[in-house]
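# Reading the structure
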Amino acid sequence: MYKKVIYILIVAALSISLLAAFITKQFSVNLGAMDWMAHWVSSPVALLLGIVFALTFGATFEKFTKLMSKKMLQYSVIGLGFGMNVNQALASGKEGMLFTIVSVFGTLAIGWLIGRKLLKVDRDTSYLISSGTAICGGSAIAAVGPAIKAKAESMSVALGVVFVLNAVALFVFPYIGDAIGMTMKDFGMWAAIAIHDTSSVVGAGSAYDAMHPEMMASEGVSALEVATTIKLTRALWIVALVLVTPFIMRNDDESEKGGKAWYHAIPRFIIWFVIAILVNTYLLSNSSLLGDDVVNIGTGISGAVNQLAKHLITLSLFFIGAGLTRKTLKAVGIRPLIQGILLWVTISCVSLAYILWI
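A quick note: this is a predicted structure, and the numbers were derived from the prediction, not measured.

The rules behind these values
Residues numbered from 1 in each chain as written. Predicted model: local features only at pLDDT ≥ 70, side-chain atom pairs only at ≥ 80, totals over all residues. Heavy atoms only, no water. Helix = DSSP H or I, 4+ residues; strand = E, 2+ residues; numbered from the N terminus. Buried < 20%, exposed > 50% of the residue type's maximum accessible area, 1.4 Å probe, protein only. Contact = heavy atoms within 4.5 Å. Areas by Shrake-Rupley, 256 points an atom, 1.4 Å probe, with all protein chains shown as cover. Axes fitted to C-alpha atoms, helices over the stretch in contact; angles between N-to-C directions. Parallel < 35°, antiparallel > 145°, perpendicular 65-115°, else oblique. Left-handed = near helix turned anticlockwise from the far one by under 90°. Nonpolar A, V, L, I, M, F, W, Y, C, P; charged D, E, K, R; others polar. Phe/Tyr/Trp six-rings, centres within 6.5 Å; stacked < 30°, edge-to-face > 60°. Patch = residues over 30% accessible without salt bridge, like charges linked within 9 Å, V, L, I, M, F, W, Y side chains within 5 Å. Salt bridge = Lys/Arg side-chain N within 4 Å of Asp/Glu carboxyl O. Core = buried A, V, L, I, M, F, W, Y, C linked by side-chain atoms within 4.5 Å. pLDDT = per-residue confidence, 0-100. Expected span 1.5 Å × (residues − 1). Arc of directions from axis to C-beta.

Moving on, we get to the overall build of the protein chain. Scanning the protein chain from N- to C-terminus turns up 19 helices and zero strands. The burial tally for the protein chain puts 48% of its 358 residues in the buried class. Taking the contacts inside the protein chain whose residues are at least 6 apart along the sequence as the reference set, 80% of them involve residues at least 24 apart. Carbon together with sulfur atoms contributes 68% to the accessible area of the protein chain, which is approximately 17,500 Å² in total.

With that out of the way, let us pick up the packing of helix α7 (residues 138-147) against helix α8 (residues 152-179). Put simply, α7 and α8 touch, their axes get as near as 10 Å, and they point 165 degrees apart. Considering the angle they form, α7 stands roughly antiparallel to α8. Between α7 and α8 the crossing geometry is right-handed. Of the residues in α8, those in contact with Gly138, Ile141, Ala142, Gly145 and Pro146 of α7 are Met155, Ala158, Leu159 and Val162. Class assignment of the residues belonging to the contact of α7 with α8 gives a composition of seven nonpolar, two polar and no charged.

Put simply, helix α2 (residues 43-57) and helix α17 (residues 292-322) touch, their axes get as near as 7 Å, and they point 25 degrees apart. By the criterion of interaxial angle, the relationship of α2 to α17 is roughly parallel. Handedness of the α2/α17 crossing: right-handed. Residues Ser43, Ala46, Leu47, Leu49, Gly50, Ile51 and Ala54 of α2 form the contact with α17, whose participating residues are Thr314, Leu317, Phe318, Gly321 and Ala322. By residue class, the composition of the contact of α2 with α17 is eight nonpolar, four polar and no charged.

Here alanine 20 shows up in helix α1 (residues 2-27). Judged by relative accessible area, alanine 20 falls into the buried class, the value being 12%. It is 6.9 Å that separates the C-alpha atoms of alanine 20 and methionine 37, two residues lying 17 residues apart in sequence. Leaving out residues up to four positions away in the same chain, alanine 20 has contacts with Leu31 and Ala38.

Take the packing of aromatic side chains next. Each aromatic ring pair is described using two quantities: the centre-to-centre distance and the angle formed by the ring planes. Counted by the stated rule, this structure contains 12 aromatic pairs. Judged by centre distance (5.6 Å) and plane angle (70 degrees), the ring pair of phenylalanine 318 and phenylalanine 319 falls under edge-to-face. For the pair formed by phenylalanine 318 and phenylalanine 319, the shared burial category is buried. Here a set of aromatic residues connected by ring pairs shows up, and it is made of Tyr2, Tyr7, Phe53, Phe57, Phe61, Phe64, Phe318 and Phe319.

So, about a nonpolar patch on the surface. Taken together, Leu118, Ile334, Leu337, Ile338, Ile341, Leu342 and Val345 make up a surface patch of nonpolar side chains, about 570 Å² in accessible area. Mapping leucine 337 onto the fold places it in helix α19 (residues 335-357). The class of leucine 337 is partly exposed, set by a relative accessible area of 36%.

To continue, consider the pattern of salt bridges. In this structure the tally under the stated criterion is one salt bridge. One salt bridge connects arginine 123 with aspartate 124, and the closest N-O pair in it is separated by 3.6 Å.

Our focus in this paragraph is the nonpolar core. Counting residues in hydrophobic clusters, the biggest one holds 69 residues, and the most contacted among them are Leu128, Ile135, Phe173, Phe187, Trp190 and Phe273. When residues of this core are assigned to their parent elements, the largest contribution, 10 residues, is made by α8. Leave out the neighbours within four places in its chain, and tryptophan 190 touches Phe173, Ile176, Gly177, Met182, Ile195, Ser348, Ser351, Leu352 and Ile355. Core analysis: the second largest hydrophobic core is formed by 13 residues, Val11, Leu18, Val41 and Met68 among them.

Turning our eyes to something else, we now look at the confidence of the model for the protein chain. Per-residue confidence for the protein chain gives a mean pLDDT of 82; residues scoring 70 or more make up 89%. The lowest-confidence element of the protein chain is helix α14 (residues 252-256), averaging 44 in pLDDT; the highest-confidence one is α1, averaging 93. Between residues 252-259, whose pLDDT stays under 50, and residues either more than four places distant or in other chains, the model counts one contact.

Moving on to α2. Under the 1.5 Å per step criterion, the end-to-end length of α2 is 21 Å for 15 residues, consistent within 8% with the ideal 21 Å. Listed as buried for α2 are Ala46, Leu47, Gly50, Ile51, Phe53 and Ala54. Seen end-on, α2 carries its buried residues on one side only, within an arc spanning 160 degrees. Those residues of α2 that are exposed and aimed more than 90 degrees away from the buried face are Leu48 and Thr56. Check the buried side of α2 and you find it contacts α1, α8 and α17.

Structure below.
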């Protein structure tokens, strides 16, 4: 009974904090002395709490946990679409487009070789780790996971691996760039390619700018600007990856045994995700269609939906982590972590060599 009470208290604490964070950010509310309530929860914290709870107390509210880890994640991914603008991302990232295409598919290929052929990691976990490394960490895993109907333990392991390496990169990359004398543009490109999540890419770029204000002034560009624009372009590949993934991951015997038509492989929530992007790009942000006053309202709505979706994804990570019990962890093993490290180091070194060579 006590573990159920603790479970409920953790969910309540996370929900209150994330709601406070949403309100303060969206409506510019000052909580004063209670401001800490809105800032103590992050994606790694939520996932870690879920994992620690599962390893300590075992499975709790299993049906509810599985339902929330699946449905909340899917609805949140749809909400993320309202924060993406196709035109802006493509316009800002044209210069790094070819580099992005090569690096995305190259990372997926290397991840398959390391995970499946070398380490024999299970198919779903290996693909999730590769997807998170190839595009934008947790967001890519959150989108791809439901598309391949990945189990909670596979999602949790992949997210855990990515978050750990993401945190390491945030602190290490600026010092590596400084040690080898990288330019603002080169470091920005490297950070966007080799660091998983957008938030850490932004953090690393900002840190490098702070370390070299004189270089930023002389070159006329900041590492943060370059890193952010290229990362935005990479984020759009979530759409393409998730649309293609169900066909890549389909079992051969499905088609041979008279399985469903090809279009049934596309998850419904991804269709709504694409619709959300199109609505945000061509309707809510279209001043020529709606006028400036109405567009201000439209962008406010899309921004609010996007922010809420991000907080719900954070909450869903607790439920994903809560499904990673000792039993499932033993079944997964240490090989996914080794795959994540080897893939990350390989991509970091290859992309760095390419940037410095060209």
